[in-house]
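Listed below, chain by chain, are the residues.
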Amino acid sequence: MRSLELSAGRARVDRLRHGAVVVESEPAVFRIEGTGALTCLQGLLTNDLIKPGDHSLVYGALLTPKGMIVVDYWVIREPDRFTLVAPPAGREASLDLFRRQIPPRLARVDDLTGEVAAAWLLGGQAFPLLARSAVRPIPEAAGRVTAVDTTAGPVLLALAHESAPFSALAVGPAAAMRTLVASLTAAGAATGTLDDLDAARVLAGWPTLGAEIDERTLPQEVRFDEIGGVSYTKGCYVGQETVARLHFRGHTNRELRGLVWTGADPLADSAIVADGREVGTVRSTLALDDRIIGLAPIRREVEVGADVMAGGRNATVVALPFAPDDLDRGRVA
């Protein structure tokens, strides 16, 4: 399991919180279409694809039969096909799973990784900026998708729900994406980097594959209930029995929490210790000018507000997503 270390000054974090930033990336992207595409994906994804209907954006994951996360996706549903956007690290696992669980006679899977790009619009001013930009049409509500025609081809544009670490997601051919991004920067969006995308994820308390999510992670351990990544009414899917049993009859032994360290001294290691025993590991950190914040799966008996030793330093456990006080408390002028 890797530990993701990021650094950002106050101006950069304030821009992510209160401005508008566009970040281009090259995720793993798959297109699934055919008469059985909806049935196949509905039986695999943790979330419901049927209820939101066409032109929708849904977040969810594919699990092992024992309920462990294999890879998570943002799924764009169109009337005749689905576009799945995953972390690059999830590409090979996705292809293997699709080969084994999606019959070619029911649905065709195309790996578009490297052929299409993505752009993520971040920040508190992202929606107003999108509204005043030349990009048209834009979706009418959160969780909805439209097709935007550009001079270089069509782009799918989706608005995210409030809990997501981004405000809008666009997916399309690289040339078309450059045209759309140019429209956003012309309207005032700042150009960001992949570190900005990760920083926004940490601020939102959102897990990622390879850091907070590994081959032993259950959806409820990484806030899937809170971030809308799982449905308990959609019916059966691979791994559903374990997920439902935990939801209705039990609980996980650990939960994803936030950590706040005062001061900017580097951490010595990833261990989290409370009352003399190890209770978790630090997975992602974001260093600010006067503090460090981080994400960590922690034993559920360690309550929010508890003081722990994390990375060899004193830290406070906080609820996710991070509140303004967590970021601004004790701020150095």
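The structure this text deals with has already been given above.
Residues numbered from 1 in each chain as written. Predicted model: local features only at pLDDT ≥ 70, side-chain atom pairs only at ≥ 80, totals over all residues. Heavy atoms only, no water.

Caption draft 1: Main features of the nonpolar core. Judged by nonpolar contacts, the single largest core of 76 residues is most densely connected at Y73 and W74. Once you skip the residues sitting within four places of it in the chain, W74 turns out to touch L57, V58, Y59, T83, L84, V85, W120, A164, P165, F166, L169 and W206. Counting 22 residues, the second largest nonpolar core, distinct from the first, contains V148, A176, L180 and V181. (Core = buried A, V, L, I, M, F, W, Y, C linked by side-chain atoms within 4.5 Å. Buried < 20%, exposed > 50% of the residue type's maximum accessible area, 1.4 Å probe, protein only. Contact = heavy atoms within 4.5 Å.)

Caption draft 2: Expanded view of the pairing of strand β18 (residues 307-310). Because side chains alternate across β18, one face comprises the buried residues V308 and A310, and the other comprises D307 and M309, none of which is buried. Looking at chain direction, strand β14 (residues 271-274) and β18 are connected through two bridges and run antiparallel. Bridge pairing in β18 places V273 opposite M309. In this structure, β18 lies alongside strand β19 (residues 313-318), joined through four bridges in antiparallel fashion. Within the sheet, the bridge partner assigned to D307 lies in β19 and is T316. Connecting the antiparallel pair β18 and β19 is a turn made up of two residues, with G311 showing a positive phi of about 65 degrees. (Helix = DSSP H or I, 4+ residues; strand = E, 2+ residues; numbered from the N terminus. Pairing = 2+ DSSP bridges.)

Caption draft 3: The arrangement of the pattern of salt bridges in detail. This model, assessed by the stated rule, comprises 23 salt bridges. Where D328 meets R10, a salt bridge forms, and the shortest distance between an N and an O atom there is 3.6 Å. With D328 in helix α8 (residues 324-328) and R10 in helix α1 (residues 10-18), this residue pair connects regions lying 318 residues apart in the sequence. Take R10: its relative accessible area is 7%, and that puts it in the buried class. Linking R144 and E140 is a salt bridge whose minimum nitrogen-to-oxygen distance equals 3.9 Å. The network of salt bridges with common partners includes R10, D14, R17, D290, R291 and D328. (Salt bridge = Lys/Arg side-chain N within 4 Å of Asp/Glu carboxyl O.)

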